[in-house]
Amino acid sequence: MSRSYKIRIPIEVLLSNDRLDKLGSFSMPFDVMQILPADQMQELLKKSLLAAGCSESGGAIAVPCKEGQTALIDLKNSTLRLKVAVPGEFTTSVYEEILDSVNDQIKNALASGTQIGGRIGESADSLLAGQMAKQLRDLAMAARRVLNAALKETYREAIKIKASQIGNVTNISESSEGGSTRIRIEVAV
Amino acid sequence: MKLQLYPEDILFEYAEKSFASGIDAAVVKHAQYLHHLPRMIEFSEEFAGRWQTLVKSAVKRFVADTFKLRPFLFDVEGYTKRFNSADEHFWNSCEFSFSQRGAERLYELLMREFIEEEPMFLVATPDDGLILSICTNNFGRYSFPWLCRNRANWLTQALFVARQQVVIDRISWQYLLDNPAEVALPLREYLIERCADLIIACSGHLRHLDPSTPGGQLVDVVNDLREDGVPLKVSFNQHDFNGKVTTVRRFIASAEKAFAYWAGEGGVGLDDEKFIRGALQQYRFAEEVREFEQLVSDYLEGRGMEGAIYESIIQNQNSNRSST
């Protein structure tokens, strides 16, 4: 009967940097209604996001996230860029008969900066892909919630500005029911 | 020292204490001698009069605690009028029937430590059931089919509607909505209010559901929006979202059918349908239903969006696999 040993393999030995990037990151576009010119809408959205607790980070707006995760809102390109940290190691079991050969492969791959491929690589890829997809989905949903709330606030402000361009705003009232918000603005022209 | 114990007197003491603070807190003075008492009680001739006086005042107090001065609709010679518990007409509209059986069941509760069997709660009149429910603070023992079959008056039914906890997949008073012709006029408006409150509670529950964790979200919601009303406690015991929505929609359909009947062919007098329509507007039943439906679609949209995002992530991961 063969024994099996649990070993921890550095992730870069199993997956290329491109592949790791692909597994741990995702970008999704979002729409902004152009109630005002694009630059004004971007400015209002930025203001709403900052008021909601987000921060500026390298030309984008960072949504507060758990450690190891980033959600950046690129206002210029209307894109939400998400990133989750891929684990640095992959744990698997190998039989004693092939343990030495696997260890040699890992050593060589580390020295040459390549990947060992084969079944261990495939299994790491498929397991990590599933884990990362779930984490990215949860991060996307959380970031979307922040973005949607900020967009709602932005539209509210933009409509008021637009109305004030038409004439004197005499009355503003708002009502919410379910997922819809109604804003009624009375303008004296 | 010789001590003489009169079971009737002990029962009265126990009843008074139970009405005041429930059976768990009701400890009679001679509790240590209870095991000497007979297992079944035989009442004296004077018992009935004393018992009626005691339970009537207890029920009146309970009605005042439950409904305060909330007015109910009554038919007076074809015309609809409002009366509350301070008005004579309110009490004249219903007759209570308290029997010796209620006292026997309470005696069984007093002696429960020494009697192995559970008290036979259903061997009683609905009004006996009401006093037993008040004493035990458990209004779930009596179903509406049982109450109606045994001709519970409208006020007893209203008290059970007010005090029963609702479990979403078996709303016991839905029986009244399914049999609208059996519902007396004073209870109709109250049921409209309670139906609206139930839908508000369902909407409150939906607002706290997270589309990313569709299972395992069983919560109790307490709707205490009405300052003077008894809070409505709703238990959401179904895991499945679609099952929950189907149950609530079935309830809504049942309520709408009952309301249409009361506002139409089921009218009692000359003008009560106007009051029913007014109550529907006052308690915003249709608006609450719309709000509930909006929340259902928001939830489904959220779940759909999540699914779509997940799909896109998987597609992105699998695009250009040759580069791996």
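Below: a short report on this structure.

What counts, and where the lines are drawn
- Residue positions are given per chain, counted from 1 along the sequence in the order it is written.
- Here the convention is simple: chains get letters from A, ligands get numbers from 1, in the order in which they are written.
- Given that this is a predicted model, residues contribute local features only at a pLDDT of at least 70 and side-chain atom pairs are listed and counted only at 80 or more, while totals for whole chains, interfaces and linings are drawn from all residues.
- Every helix listed is a DSSP run of H or I at least four residues long, and every strand listed is a run of E at least two residues long, numbered separately from the N terminus.
- Counting other C-beta atoms within 10 Å of each residue's C-beta, where C-beta atoms are placed from the backbone, gives the exposure class: buried for 20 or more, exposed for 12 or fewer, partly exposed between.
- C-beta atoms are first placed from the backbone for all residues, and any pair lying within 7 Å is then listed as a contact.
- Pairs of strands are assigned from DSSP output, requiring at least two bridges between the strands.
- The axes used here are C-alpha line fits, helices contributing only the stretch in contact, and every angle between their N-to-C directions lies in the interval 0 to 180 degrees.
- For this classification, under 35 degrees means roughly parallel, over 145 means roughly antiparallel, 65 to 115 means roughly perpendicular, and everything else is oblique.
- Gly counts as polar in this scheme, as do all residues outside two lists: the nonpolar Ala, Val, Leu, Ile, Met, Phe, Trp, Tyr, Cys and Pro, and the charged Asp, Glu, Lys and Arg.
- Joining buried Ala, Val, Leu, Ile, Met, Phe, Trp, Tyr and Cys residues through C-beta atoms within 7 Å gives a set, and that set is a nonpolar core.
- Where each domain begins and ends is defined by an automated method or by a domain database.

A few points about the overall build of chain B
Now for step 1: Scanning chain B from N- to C-terminus turns up 12 helices and 5 strands.
Now for step 2: Sorting the 324 residues of chain B into buried and exposed places 35% on the buried side.
Now for step 3: In chain B, once contacts between residues fewer than 6 apart in sequence are set aside, the share between residues at least 24 apart is 69%.

Considering the pairing of strand β5 (residues 69–74) of chain A
Residue and element names in this part refer to chain A.
Now for step 1: Of the pairings in the sheet, the one linking strand β4 (residues 60–63) to β5 comprises 3 bridges and is antiparallel in character. Within the sheet, the bridge partner assigned to V63 lies in β5 and is A71.
Now for step 2: What sits between the antiparallel neighbours β4 and β5 is a turn of 5 residues, in which G68 has the positive phi angle 85°.
Now for step 3: Bridge count between β5 and strand β6 (residues 79–84): 6 bridges; the pairing is antiparallel. Each bridged residue has a counterpart across the sheet, and for L72 the counterpart in β6 is R81.
Now for step 4: A loop of 4 residues connects β5 with β6, the two strands running antiparallel in sequence, and S78 in this loop sits at a positive phi of about 50°.

Things to note about the sheet that holds β4(A)
Residues and elements named next belong to chain A.
Now for step 1: A sheet is described by the order of its strands in space; here 5 strands give the open sequence β2-β6-β5-β4-β3, paired in antiparallel fashion. The sheet is open, and its two borders are formed by β2 (25–29) and β3 (55–57), each paired with just one other strand. Here the average twist between neighbouring strands, direction ignored, is 30°.

Notes on the interface of chain A and chain B
Now for step 1: At the junction of the two partners, chain A supplies 17 residues and chain B supplies 15 residues.
Now for step 2: At the level of elements, α2 (17–24), β2 and α5 (118–166) of chain A are the ones that each hand at least two residues to the side of chain A that touches chain B.
Now for step 3: Counting residues per element, the side of chain A that touches chain B draws most heavily on α5(A), which supplies 7 residues.

Some points on the packing of helix α1 (residues 7–21) of chain B against helix α2 (residues 47–67) of chain B
Residue and element names in this part refer to chain B.
Now for step 1: It is the contact of α1 with α2, at a shortest axis distance of 11 Å, that shows an interaxial angle of 5°. The orientation of α1 relative to α2 falls into the category roughly parallel. Residues E8, F12, A15, E16 and F19 of α1 lie in contact with α2, whose contacting residues are F47, R50, L54 and A58.
Now for step 2: Its residues assigned to classes, the contact of α1 with α2 comprises 6 nonpolar, no polar and 3 charged.

Quick look at the nonpolar core
Now for step 1: The biggest cluster of nonpolar side chains holds 80 residues, and the ones touching the most others in it are B:L106, B:I131, B:L191 and B:I192.
Now for step 2: It is helix α9 (residues 185–207) of chain B that contributes the most residues to this core, 13 residues altogether.
Now for step 3: Two domains each donate at least three residues to this core, and these are domain 1 (1–67 + 96–152) and domain 2 (162–315) of chain B.
Now for step 4: Discounting chain neighbours no more than four positions away, the residues touching B:L106 are B:L11, B:Y14, B:A15, B:L132 and B:C135.
Now for step 5: Ranked by size, the runner-up nonpolar core spans 37 residues in total, among them A:M41, A:C54, A:L72 and A:V84.

Considering helix α5 (residues 126–136) of chain B
All names here are of chain B.
Now for step 1: Extensive coverage of α5 is indicated by the burial of 10 of its 11 residues.
Now for step 2: Those residues of α5 that fall on the buried side of the exposure criterion are P126, D127, D128, G129, L130, I131, L132, S133, I134 and C135.
Now for step 3: Buried-residue contacts for α5 involve α1, α2, α4 (100–110), α6 (144–149) and α7 (154–163).
Now for step 4: With its phi angle positive at about 50°, N137 sits one or two positions after the end of α5.

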